[in-house]
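# Geometric and topological summary
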Amino acid sequence: MPNNQRYIEIMDTTLRDGEQTSGVSFSASEKLTIAQSLLTEVKVDRIEIASARVSEGEFDAVKKITKWAKTNGMLNRVEVLTFVDGDVSIDWMIKAGAKVANLLTKGSLNHLTHQLKKKPEQHFAEIAEVINLAKKKGIETNVYLEDWSNGMRHSKAYVFQYLDFIVKQPVKRVMLPDTLGILTPVEVYDFISEIVQRYPTTHFDFHGHNDYDLGTANVMEALRAGAHGLHLTVNGMGERAGNAPLASAIAVMNDFMPNIKSSVVEKSLYRISRLVETFSGIRIPANKPVVGENVFTQTAGIHADGDKKNKLYFSDLMPERFGRQRKYALGKTSGKANIENNLAQLGIQLSDADLKKVTQRIIELGDKKEMVTQADLPYIISDILDSNSIQDKVKVENYVLTHSKELRPSVTLRLAVNGETFEEHAQGDGQYDAFMNALKKIYKQKKMELPQLTDYAVRIPPGGKSDALCETIITWSYNNKEFKTRGLDSDQTVSAIKATQKMLNII
Ligand SMILES: CC(C)C(=O)C(=O)O
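For the structure given in this document, a descriptive report is provided here. Bear in mind the structure is a predicted one, so any value in this text is a computation, not a measurement.

Each value, and the rule that gives it
- Residues numbered from 1 in each chain as written.
- Predicted model: local features only at pLDDT ≥ 70, side-chain atom pairs only at ≥ 80, totals over all residues.
- Heavy atoms only, no water.
- Near = heavy atom within 4 Å.
- Polar contact = N/O pair within 3.5 Å; in protein donor to acceptor, adjacent residues only side chain to side chain.
- Areas by Shrake-Rupley, 256 points an atom, 1.4 Å probe, with all protein chains shown as cover.
- Nonpolar A, V, L, I, M, F, W, Y, C, P; charged D, E, K, R; others polar.
- 1 Å grid on protein atoms, 1.4 Å probe; cavity = no way out; pocket = protein on both sides within 12 Å on 5 of 7 lines; lining within 4 Å.
- Points joined across faces, edges and corners; volume = space filled by probe spheres on them.
- Salt bridge = Lys/Arg side-chain N within 4 Å of Asp/Glu carboxyl O.
- Helix = DSSP H or I, 4+ residues; strand = E, 2+ residues; numbered from the N terminus.
- Buried < 20%, exposed > 50% of the residue type's maximum accessible area, 1.4 Å probe, protein only.
- Expected span 1.5 Å × (residues − 1).
- Axes fitted to C-alpha atoms, helices over the stretch in contact; angles between N-to-C directions.
- Parallel < 35°, antiparallel > 145°, perpendicular 65-115°, else oblique.
- Left-handed = near helix turned anticlockwise from the far one by under 90°.
- Contact = heavy atoms within 4.5 Å.
- Pairing = 2+ DSSP bridges.
- Right-handed = clockwise from strand over helix to strand, strands pointing away.

## A look at the site of the ligand
Surrounding the ligand, one finds Arg16, Asp17, Leu104, Tyr144, Glu146, Pro177, Thr179, His207 and His209. Within the side chain of threonine 179, one N or O atom sits 2.6 Å away from an oxygen atom of the ligand. Histidine 209 places a polar side-chain atom, nitrogen or oxygen, 2.9 Å from an oxygen atom of the ligand. Contact with the protein chains covers 91% of the free accessible surface of the ligand, which is 250 Å². Along the lines of polarity and charge, the residues of the shell around the ligand split into 3 nonpolar, 3 polar and 3 charged.

## Focus on the layout of surface pockets
Space left empty within the atom packing is revealed by a probe, the size of a water molecule, rolled over the atoms. Its boundaries defined by the atoms lining it, the second largest pocket holds a volume of some 350 Å³. Lining of the second largest pocket is provided by 22 residues; of these, Asn235, Gly236, Ala241, Pro285 and Lys288 occupy positions nearest its centre. Residue composition of the lining of the second largest pocket, by class: 8 nonpolar, 10 polar and 4 charged.

## Digging into the pattern of salt bridges
According to the stated counting rule, one finds 34 salt bridges in the structure shown. Of the charged contacts in the structure, one is a salt bridge between glutamate 9 and arginine 46, with a shortest N-O distance of 2.6 Å. Here arginine 46 lies in strand E3 (residues 46-51) and glutamate 9 lies in strand E2 (residues 9-12), a separation of 37 residues in the sequence. Assigned by exposure class, glutamate 9 and arginine 46 land together as buried. For aspartate 91, the salt bridge identified is with lysine 137, shortest N-O distance 2.8 Å. Residue aspartate 91 is found in helix H3 (residues 88-95), and its partner lysine 137 is found in the loop between helix H5 (120-136) and strand E6 (140-146); the two are separated by 46 residues along the sequence. A residue is classified by how much of its surface remains accessible, and aspartate 91, at 27% relative accessible area, is partly exposed.

## Here's the deal with helix H13 (residues 335-346)
Taking 1.5 Å of rise per residue, 12 residues should cover 16 Å, and H13 covers 17 Å from first to last C-alpha, within 8% of that figure. Of all the residues in H13, the buried ones are Ala337, Asn338, Ile339, Asn341, Asn342 and Leu343. One or two residues past the end of H13 sits glycine 347, with phi positive at roughly 70°.

## Focus: the packing of H5 against helix H7 (residues 156-166)
At a minimum axis separation of 11 Å, H5 and H7 run at an interaxial angle of 30°. The orientation of H5 with respect to H7, classified from their angle, is roughly parallel. Our pair here, H5 against H7, has a crossing hand that is right-handed. Contacts from Pro120, Glu121, His123, Phe124, Ile127, Ala128 and Ile131 of H5 reach H7 at Tyr158, Gln161, Tyr162, Phe165 and Ile166. Class assignment for the residues of the contact of H5 with H7 results in 9 nonpolar, 2 polar and 1 charged.

## Some details on the pairing of strand E9 (residues 229-232)
Here E9 shows a buried face lined by Gly229 and His231 and a second buried face lined by Leu230 and Leu232. As defined by bridge partners, E2 adjoins E9 across 4 bridges and the pair is classed as parallel. Each bridged residue has a counterpart across the sheet, and for isoleucine 10 the counterpart in E9 is leucine 230. Pairing of strand E8 (residues 203-208) with E9, which is carried by 3 bridges, proceeds in the parallel orientation. By the bridge assignment for E9, histidine 207 is matched with histidine 231. For the segment spanning E8, helix H9 (residues 215-225) and E9, crossover handedness is right-handed.

Okay, here's the thing in structure tokens:
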């Protein structure tokens, strides 16, 4: 590494602080999968995987992870949060196979006085006892100064008394949490600068929470001030508003702090984000920087146009860095350039006339607040191309469909056949059945024969992301021949009616 570069240790605490997100509980095998991915693909330096003594399930999870980590020579990168309780937590983690303890101690006089009801000297003596017991049992200790941020604001003398004590103990790292996420970036910079200058040989981690949405800004200032390590979580999971998010912090470090290096692999950040989303059940907001669904999607047509001309709307934050792809949204504001971009990605070429029709259809769907995805495009195109070749001799002019509890669905249908209008009312087992019964009445009246419906299939475009479209494919039998018609709409019954209208114009 060049002389002016600093290596920053990244400690991921998704499996400990992240699991403190309300409503989240990972199973032991989910924890193992996340741990493996964090250490081998994302390549964070360390992971904090649990709090000691929490539960049997937690014990099993720690055992599973430490067994795997030991086999793979990574045991010293796996940490467990422990308490000032003599050797109770230490024995718990030893039994579970762990080797590194993150000891939770008090970093503010307020916490010490009101929660533990102890004097500093008493607390320090108990901490020293735990650290030395751990050392004797082969456990390496890091210490957390819980509520350190309030400590720096309101009981600075206590924090420095604590630091004077702890730097003489056999601990590897001192970890400074902004427990309530209350610090401003300026305070983070000032507080950490002061500490790092006073204890130049001690390793300090910063542990930022996100209560004011300042998590990423604060980790940036912690690094500028000289912190040696950061605690982050996937998707910013964690207590209350969560912790500083891993993906954003890494992007910021890589783009704005050229003298800072970490071992994290950017390309794996999206995958781990999705994995944690799936296991935790906590949906990533669509606008979450770096990992959110929409953050590399251009919606305005003018942006797609600019990108085509000279990448005018690109920034250093390129999706490919994170294993993602730029998208161009389809909707009422997307315009021709967005549609062309999507067609190019799918390898589809259209005539100007068809492109105009596809654009018109997308605008109509967008107006109905429907979300059109790239996967919908082939469906829209085939529907339009189909309609191009069919003449409208029969037109469904109007209908009213009813569906109510404990009453049979019914329809009033107005149909134009070669310019002549018919109106009929009918009931059925479902709305489409009612529609077909009304149609049959009209055709009977006209002494015309209708094909027999032999199959009815409904599907949505692949990926399950579209709320815009549903395709109904109906197979008809007529004069001993079979044929299919297709209808496309956001409403299933309407898509079936559209497929039926096509049939009426084919026979
Ligand atoms: C439990 C402690 C270390 C914590 O997460 C915090 O103070 O933010």
